[in-house]
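Listed below, chain by chain, are the residues.
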Amino acid sequence: MKRILILFCSITMFLSANAQVNDLSESDIQSFKDRAGEIIDMFQNNLSILAGKKYSMKVKTVYKKSVLKLFIGEGEPYTDPDGVKHTGVQMQVSKLRNGKEVKNRILLSTYLDNLIKLPYAEIRLTKADTYRISNIYKVGDHYEATATIFQRFEGFSKNEQTKLYSDVTQKNIKVYIIPENDYVLGQHWSVRLGDIEVVDTTDL
């Protein structure tokens, strides 16, 4: 947990404290993309632990909290930088049924709980490709971007003898870069993930 906290602090401090919100340099933009990439990697790695059957519920509880800390609102109702109130970060999920993609939208915290409880004997949730981050654009006093990730899901029967379900899903994640000020870090930029949309789901 100490390593996670150190990384999280470094993410919020990646821009100079006296940088102007409406004047990001090319190096600032690249630094943002690099740090956002670290968050996305942490998110996907933690999901693989939550899905895995070899980890205890105590371990998974710790990792679930770590995942939520990466998102705006940390799994709770929140007000976005534009002042709009939300019940929580939304996670769109998908599944192939008879060759057709079925989508549903749930709260991120509910998705994490459901992931832990999936009834497969063994689950592999891994990166199917490298992430991509779009150009940053200004919205009010903050910036936003879209991160595209690719996830491979495989569910197995006992002893991994039979693959019961598998797919690859492309997802878009809303990314916020928000100006914040506190007693410890002073004026800084904070990176948070937001709502997740399914772009496409295909069979393996």
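Everything here concerns the structure above.
Okay, so let's go over this structure. This one's a predicted model, so the numbers in the text were calculated from it and none came from an experiment. (Residues numbered from 1 in each chain as written. Predicted model: local features only at pLDDT ≥ 70, side-chain atom pairs only at ≥ 80, totals over all residues. Heavy atoms only, no water.)

On a plain count of helices and strands, the protein comes out with four helices and 10 strands. Sequence-ordered secondary structure for the protein, helices as α and strands as β, is α-α-α-β-β-β-β-α-β-β-β-β-β-β. With 204 residues in all, the protein has 44% of them scored as buried. Long-range contacts, defined here as pairs at least 24 residues apart, represent 61% of the contacts in the protein between residues at least 6 apart. Accessible surface, the protein: about 11,000 Å² in total, of which carbon and sulfur atoms supply 50%. (Helix = DSSP H or I, 4+ residues; strand = E, 2+ residues; numbered from the N terminus. Buried < 20%, exposed > 50% of the residue type's maximum accessible area, 1.4 Å probe, protein only. Contact = heavy atoms within 4.5 Å. Areas by Shrake-Rupley, 256 points an atom, 1.4 Å probe, with all protein chains shown as cover.)

With that settled, consider the environment of Gln92. Along the polypeptide, Gln92 turns up in strand 3 (residues 90–97). Sequence separation between Gln92 and Leu107 is 15 residues, and the spatial gap between their C-alpha atoms is 8.4 Å. Apart from residues lying up to four places away in sequence, Gln92 is in contact with Lys103, Asn104, Arg105, Lys171, Ile196, Glu197 and Val198. A polar atom in the side chain of Gln92 sits 2.8 Å from the backbone nitrogen of Val198. (Polar contact = N/O pair within 3.5 Å; in protein donor to acceptor, adjacent residues only side chain to side chain.)

We now examine helix 3 (residues 57–68). Here helix 3 spans 16 Å end to end across 12 residues, near enough to the 16 Å set by a 1.5 Å rise per residue. For helix 3, the full list of buried residues reads Lys60, Lys64, Ser66, Val67 and Leu68. (Expected span 1.5 Å × (residues − 1).)

Quick look at the layout of surface pockets now. Empty space within the largest pocket amounts to approximately 560 Å³. Looking at the lining of the largest pocket, the elements that each hand over two or more residues are strand 3, strand 4 (100–107), helix 4 (108–117), strand 8 (142–156) and strand 9 (163–182). Here the lining of the largest pocket is built from residues that sort into 10 nonpolar, five polar and five charged. (1 Å grid on protein atoms, 1.4 Å probe; cavity = no way out; pocket = protein on both sides within 12 Å on 5 of 7 lines; lining within 4 Å. Points joined across faces, edges and corners; volume = space filled by probe spheres on them. Nonpolar A, V, L, I, M, F, W, Y, C, P; charged D, E, K, R; others polar.)

Packing of helix 2 (residues 26–51) against helix 3 leaves a shortest axis separation of 9 Å and a crossing angle of 155 degrees. Here helix 2 lies roughly antiparallel to helix 3, going by the angle between them. Both helix 2 and helix 3 take part in a crossing whose hand is left-handed. For the pair helix 2 and helix 3, contact is made by Phe43, Asn46, Ile49, Leu50 and Ala51 and by Val59, Lys60, Tyr63, Lys64, Ser66 and Val67, respectively. (Axes fitted to C-alpha atoms, helices over the stretch in contact; angles between N-to-C directions. Parallel < 35°, antiparallel > 145°, perpendicular 65-115°, else oblique. Left-handed = near helix turned anticlockwise from the far one by under 90°.)

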